[in-house]
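Commentary on secondary and tertiary structure
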Amino acid sequence: MTLYHKNPLKLRQQIRAGNFTSMTSGLCSGYVQCNLVILEKEWAEDFYQFCKLNPKPCPVIYKSKPGEYQFGSLGEDIDIRTDISKYRIFKKGIMVSEQTDIKADWSRNFVSFLLGCSFSFEEALIANNLEIRNVSENVNVPMFITNIECAATEKFHGKMVVSMRPFKSFEVTKVQEITRQFPRVHGEPIHLGDPTKIGINNLSKPDFGDKVTIKTDEIPVFWACGVTPQIAVQNASPPICITHSPGCMLVTDKLNAEIKN
């Protein structure tokens, strides 16, 4: 079966049909991809405050109305219950399942948050002849839990998660300049170089995603990551929360150029 890696609608249709259950990095170049957090409306406002206090890891692209699951403003025929390749279900902060469809779990009480994803700025880096190692090695981007505390709300708190991509030292200024133009998808890096300064002791053992090659003439570059809410959810322990699985995003019809400064 042909994978529609360039057309968001056709890719979402394949995901909905259960024919694609993998990560979306490198797919549908030019289109915004989003992280997902779904909470009951009683928890939604506090989480929204958490996002506003922590815009680097949690840049809000869209906040739904309670029970809304079709997001026409983000793309044709989007159904948030079926159009992400893999979901995680948390109950009282504990992940209880990973599945490809949440229609049976859906509630009219749910509020969905779509958060910007660094996959969007990868396109701009590649267009400037910068290698994205997770894309060239066809793996998920490595992600790490840091020692950086997010600003807390009454219910949500936790350490920031970062994604990492290696670059040669002379490329870093260009990388910063390019990604700075995309504040709604995490923006410029939050840390360069020595990972131990942000609490990461082993780059070959990411907390999420996959290990990538780091060459001897390269340094690791770290961005705030949209998996951060999963740590905050585990700490807050809401009765139920649904997220994307790391690397498995909602691919929208919205162009990356639309969210560029």
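The preceding data block contains the structure.
Read on for an overview of the structure. Because the structure is a prediction, the values reported are computed rather than measured.

Moving on, we come to the pattern of salt bridges. Tallied over the entire structure, the rule returns eleven salt bridges. We note a salt bridge from Arg12 to Asp253, for which the minimum N-O separation is 2.9 Å. One end of the pair, Arg12, is in helix 1 (residues 8-16); the other, Asp253, is in strand 11 (residues 250-255), with 241 residues separating them in the sequence. Looking at Arg12, the relative accessible area reads 1%, which means it is buried.

Turning our attention to the environment of Val185. For Val185, the location among the structural elements is in the loop between helix 5 (172-179) and strand 8 (191-192). Here Val185 falls in the buried class, since its relative accessible area comes to 0%. Each residue touching Val185, except ones within four places of it in the same chain, is listed here: Pro59, Gly116, Cys117, Ser118, Ser120, Phe121 and Ile259.

With that settled, consider the side chain of Ser25. Along the chain, the position of Ser25 falls in the loop between helix 1 and strand 1 (31-40). Residue classification places Ser25 among the buried positions, given a relative accessible area of 11%. One polar contact links Ser25 to Glu122, side chain to side chain, over a distance of 3.4 Å.

Since the α-helix packs 3.6 residues into each turn, any two residues three or four apart lie on the same face. Taking 1.5 Å of rise per residue, the 13 residues of helix 2 (residues 41-53) would be expected to cover 18 Å, and the 19 Å separating its terminal C-alpha atoms lies within 8% of that figure. Those residues of helix 2 lying buried are Trp43, Ala44, Asp46, Phe47, Phe50 and Cys51. Contact partners of the buried residues in helix 2: strand 1, strand 2 (60-63), strand 5 (110-116) and helix 6 (228-236).

This part covers the sheet that holds strand 6 (residues 143-149). Within the open sheet, the four strands sit side by side as 6-7-9-8. Their pairing is antiparallel. With partners counted over all chains shown, the strands left at the sheet margins are strand 6 and strand 8, one partner each. Sheet analysis places strand 7 (residues 159-168) next to strand 9 (residues 218-224), joined by seven bridges and oriented antiparallel. By the bridge assignment, Val162 is partnered in strand 9 with Ala224.

About the thresholds
Residues numbered from 1 in each chain as written. Predicted model: local features only at pLDDT ≥ 70, side-chain atom pairs only at ≥ 80, totals over all residues. Heavy atoms only, no water. Salt bridge = Lys/Arg side-chain N within 4 Å of Asp/Glu carboxyl O. Helix = DSSP H or I, 4+ residues; strand = E, 2+ residues; numbered from the N terminus. Buried < 20%, exposed > 50% of the residue type's maximum accessible area, 1.4 Å probe, protein only. Contact = heavy atoms within 4.5 Å. Polar contact = N/O pair within 3.5 Å; in protein donor to acceptor, adjacent residues only side chain to side chain. Expected span 1.5 Å × (residues − 1). Pairing = 2+ DSSP bridges.

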